[in-house]
Amino acid sequence: MNLYFRLIWLFLWRIHRTKRIGFLDVSRISFRALPLDCDINMHLTNSRYPAFMDLARTHMIAEMGFMKRFLRLGWLPIVNASEFTFIRDIKPMEKFEIETKIVGWDQKYFYIEHRFVTKRGLHCIVHVRGVFLHKGKQVPIAELVREAGFDGEQPQMPAEVVKWKEFLQLKKEQNLAPKLQSVPEQAVEQAKRVA
């Protein structure tokens, strides 16, 4: 429930007081790990990280000055994939900052990096792959970048994101490929042909 309050706070208060950043700049937003954000291990529970990242990306879009435009266009951001690397835990009541930035895009997806940081250092690095949808159809990346007003050079994606893309492609190919027939099914097919 406290994330709903944070979302309302973000829209009613924080977004109207954001600084303006560029398309490839780092967006920063701070939170505190409240007791309801923590689990029995007495640290920020893993399931909270994606929810905080949703708020951080919303804040980033607002800082870029695109919030009203994207809402007017009816574009909805959708996460396609994400990968997490946890380094150290965030303690109850500890203040943390989420650094969010676009690290690149390809023909179909854009890629975002989140870094959870406290005074003690880096706690978690997350990469997210996503798209924008309009009436159930994907908004072309070229149109998204154009609508954002970015006309600079496309950034070179970090090596770890390139490797992650390759892993996602392999995962897709392995799991969506046509299934091979099992040995009993092959025997049945052979028997039918002989008969």
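Notes on the structure follow. Treat the numbers as computed from the prediction; the structure is a model and nothing was measured.

Overview of the pairing of strand S5 (residues 121-134)
And then number 1: Counting buried positions over the 14 residues of S5 gives 10, a clear majority of the element.
And then number 2: Sheet topology note: the strand S2 (residues 76-86)/S5 ladder contains 10 bridges and is antiparallel. For Glu83, the partnering residue across the bridge sits in S5 and is His127.
And then number 3: Counted along the chain from strand S4 (residues 110-118) to the antiparallel partner S5, the turn is 2 residues long.
And then number 4: Sheet topology places S5 next to strand S6 (residues 137-138); 2 bridges connect them, and they run antiparallel. By the bridge assignment for S6, Leu133 is matched with Gln138.
And then number 5: Turn length for the S5-S6 hairpin, with the two strands adjacent in sequence and antiparallel, is 2 residues, and the turn residue Lys135 shows positive phi of about 55 degrees.

Some details on the packing of aromatic side chains
And then number 1: On inspection of all chains with the given rule, the structure shows 17 aromatic pairs.
And then number 2: With a centroid separation of 5.7 Å and an interplanar angle of 65 degrees, the aromatic rings of Phe23 and Trp105 are classed as edge-to-face. In this pair, Phe23 sits in the loop between helix H1 (2-14) and strand S1 (27-32) while Trp105 sits in strand S3 (residues 95-105), placing the two residues 82 residues apart along the sequence.
And then number 3: The structure contains a cluster of three or more aromatic residues connected by ring pairs, namely Phe23, Phe66, Phe70, Trp75, Trp105, Phe110, Phe132 and Phe150.
And then number 4: Arg129 extends its terminal NZ or CZ atom over the ring of Tyr109, reaching a point 3.9 Å from the ring centre.

Criteria and thresholds
- Residues numbered from 1 in each chain as written.
- Predicted model: local features only at pLDDT ≥ 70, side-chain atom pairs only at ≥ 80, totals over all residues.
- Heavy atoms only, no water.
- Buried < 20%, exposed > 50% of the residue type's maximum accessible area, 1.4 Å probe, protein only.
- Helix = DSSP H or I, 4+ residues; strand = E, 2+ residues; numbered from the N terminus.
- Pairing = 2+ DSSP bridges.
- Phe/Tyr/Trp six-rings, centres within 6.5 Å; stacked < 30°, edge-to-face > 60°.
- Lys NZ or Arg CZ within 6 Å of the ring centre and 35° of its normal.

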